[in-house]
Amino acid sequence: MSAADELLKKRRAELARKFLDRSHQEASRFREVLDGARAGAVFPEAAAFKHFAHRIHGTGATLGFESLSFAAAAFESLLSDAGAQDVLAEPALQALRRAAHVLIEQIDELARRHL
Amino acid sequence: MERSRLRSVLYVEDEPDIREILQLSLTLKGELQVDTCESGPAALQWLRESTPDLVLLDAMMPEMDGPETLARMRADPKILPVPVVFVTAKALPEDVKRLTALGACGVIPKPFDPMRVADELFEIWKGIADVGGG
């Protein structure tokens, strides 16, 4: 392995830990938001959730967390299907909760292993 | 402008981790001069004063997304028409077709492999150089 490869791998590992730490903190906040969300009520965090999912989808696998990226893509896709609605019906909210919990549990697990 | 060799890139990306890893990858593996901007407006400002060989543009950014940034680049008389390659998590064939129709010269899908992304970019550049410009 060349010196450039070694430097790149080392920095990637450092960035991966930073990414996990930040994602873990964000996930805790989103878990609380989701638990408090009610069908038919205003869901003002939709845009923040989309940004969270998109960031993890695009960044996760690049930093070595392929399955996390996959879970984030599924969550992002559900959010896109829900459209730009600020008010979610019960089935959509339940589907989002399930997908978000899969994603958040993966972040928790990775944080336990790597941080 | 000479198109035979890729030397300099402006990478526009709102996500700092991705920005750093791609900049590092292209610098170390591709031996490129890589400047970065964190938003479309910052990139437009930068491009009015400097002209890289190529712009790498994140497709989804808050405030001003990649397609809008590209449209504003093309409409701005102070910005030279450098080739643009999108970097995007939405890289299905229909997405690539849409971005190409907007004027992109190529698409690098996210997530990308930091060890290989420079080669991927050089392949796209070869196609641009072969047809003589962006």
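Residues numbered from 1 in each chain as written. Chains lettered and ligands numbered in written order. Predicted model: local features only at pLDDT ≥ 70, side-chain atom pairs only at ≥ 80, totals over all residues. Heavy atoms only, no water.

Notes on the overall build of chain B
- Counting its secondary structure elements, chain B contains five helices and five strands.
- The C-alpha atoms of chain B give 13 Å as radius of gyration, which agrees with the globular expectation for 134 residues (14 Å, within 12%).
- Each principal axis of the C-alpha distribution contributes one length, and for chain B these read about 35 × 30 × 30 Å.
- Counting contacts in chain B only where the partners sit at least 6 residues apart, residues at least 24 apart contribute 64% of the total.
- For chain B, the exposed area adds up to about 6,200 Å²; of that, 50% sits on carbon and sulfur atoms.
- Taking the average place of the 15 positive charges on the side chains of chain B and the average place of its 23 negative ones, the gap between the two points comes to 5 Å. (Helix = DSSP H or I, 4+ residues; strand = E, 2+ residues; numbered from the N terminus. Rg over C-alpha atoms; globule rule 2.2 N^0.38 Å. Contact = heavy atoms within 4.5 Å. Areas by Shrake-Rupley, 256 points an atom, 1.4 Å probe, with all protein chains shown as cover. Lys, Arg positive; Asp, Glu negative; His and termini not counted. Charge placed at Lys NZ, Arg CZ, Asp CG, Glu CD.)

Concerning the pairing of strand β2 (residues 33-37) of chain B
All names here are of chain B.
- Where strand β1 (residues 8-12) and β2 come together, five bridges link them in parallel fashion. When the bridges of β2 are listed, L10 appears paired with D35.
- Crossover β1 to β2 through helix α1 (residues 16-28) is right-handed. (Pairing = 2+ DSSP bridges. Right-handed = clockwise from strand over helix to strand, strands pointing away.)

Describing the packing of helix α1 (residues 3-36) of chain A against α1(B)
- Between α1(A) and α1(B), the shortest axis-to-axis distance is 10 Å and the interhelical angle comes to 180°. Put simply, α1(A) runs roughly antiparallel to α1(B). Here A4(A), L7(A), L8(A), R11(A), R12(A), L15(A), K18(A), F19(A) and R22(A) of α1(A) lie close against α1(B), whose contacting residues are D17(B), E20(B), I21(B), L24(B), S25(B) and L28(B).
- Grouping the amino acids of the contact of α1(A) with α1(B) by side-chain chemistry returns eight nonpolar, one polar and six charged. (Axes fitted to C-alpha atoms, helices over the stretch in contact; angles between N-to-C directions. Parallel < 35°, antiparallel > 145°, perpendicular 65-115°, else oblique. Nonpolar A, V, L, I, M, F, W, Y, C, P; charged D, E, K, R; others polar.)

Overview of the packing of aromatic side chains
Residues and elements named next belong to chain A.
- One pass over the full model with this rule turns up four aromatic pairs over all chains.
- The interplanar angle of 70° and the centroid separation of 4.3 Å between the aromatic rings of F30 and F49 together place this pair among those described as edge-to-face. Taken together, the residues F30 in helix α1 and F49 in helix α2 (residues 46-60) connect sequence positions 19 residues apart. Grouping residues by exposure puts F30 and F49 together as buried.
- Following the ring pairs from residue to residue traces out a cluster consisting of F30, F49, F52 and F75.
- In this arrangement the basic side chain of R29 is found over the ring face of F30, its NZ or CZ atom lying 4.8 Å from the centre. (Phe/Tyr/Trp six-rings, centres within 6.5 Å; stacked < 30°, edge-to-face > 60°. Buried < 20%, exposed > 50% of the residue type's maximum accessible area, 1.4 Å probe, protein only. Lys NZ or Arg CZ within 6 Å of the ring centre and 35° of its normal.)

Focus on the confidence of the model for chain B
- Mean pLDDT over chain B stands at 92; residues scoring 70 or higher make up 96%.
- Among the prediction metrics, the complex's ipTM stands at 0.78, with pTM recorded as 0.85. (pLDDT = per-residue confidence, 0-100.)

Points about the interface of chain B and chain A
- Taken residue by residue, the interface counts 19 residues in chain B and 23 residues in chain A.
- Buried surface at the junction of chain B and chain A, summed over both partners, amounts to about 1,900 Å²; 66% is from carbon and sulfur atoms.
- In this structure, K18(A) engages D17(B) in a salt bridge whose closest nitrogen and oxygen atoms are separated by 3.8 Å.
- Where chain B packs against chain A, one counts five residue pairs in polar contact (both at pLDDT 80 or more).
- When grouped by side-chain class, the residues that make up the side of chain B that touches chain A number ten nonpolar, one polar and eight charged. (Buried area = accessible area lost by both parts, 1.4 Å probe. Salt bridge = Lys/Arg side-chain N within 4 Å of Asp/Glu carboxyl O. Polar contact = N/O pair within 3.5 Å; in protein donor to acceptor, adjacent residues only side chain to side chain.)

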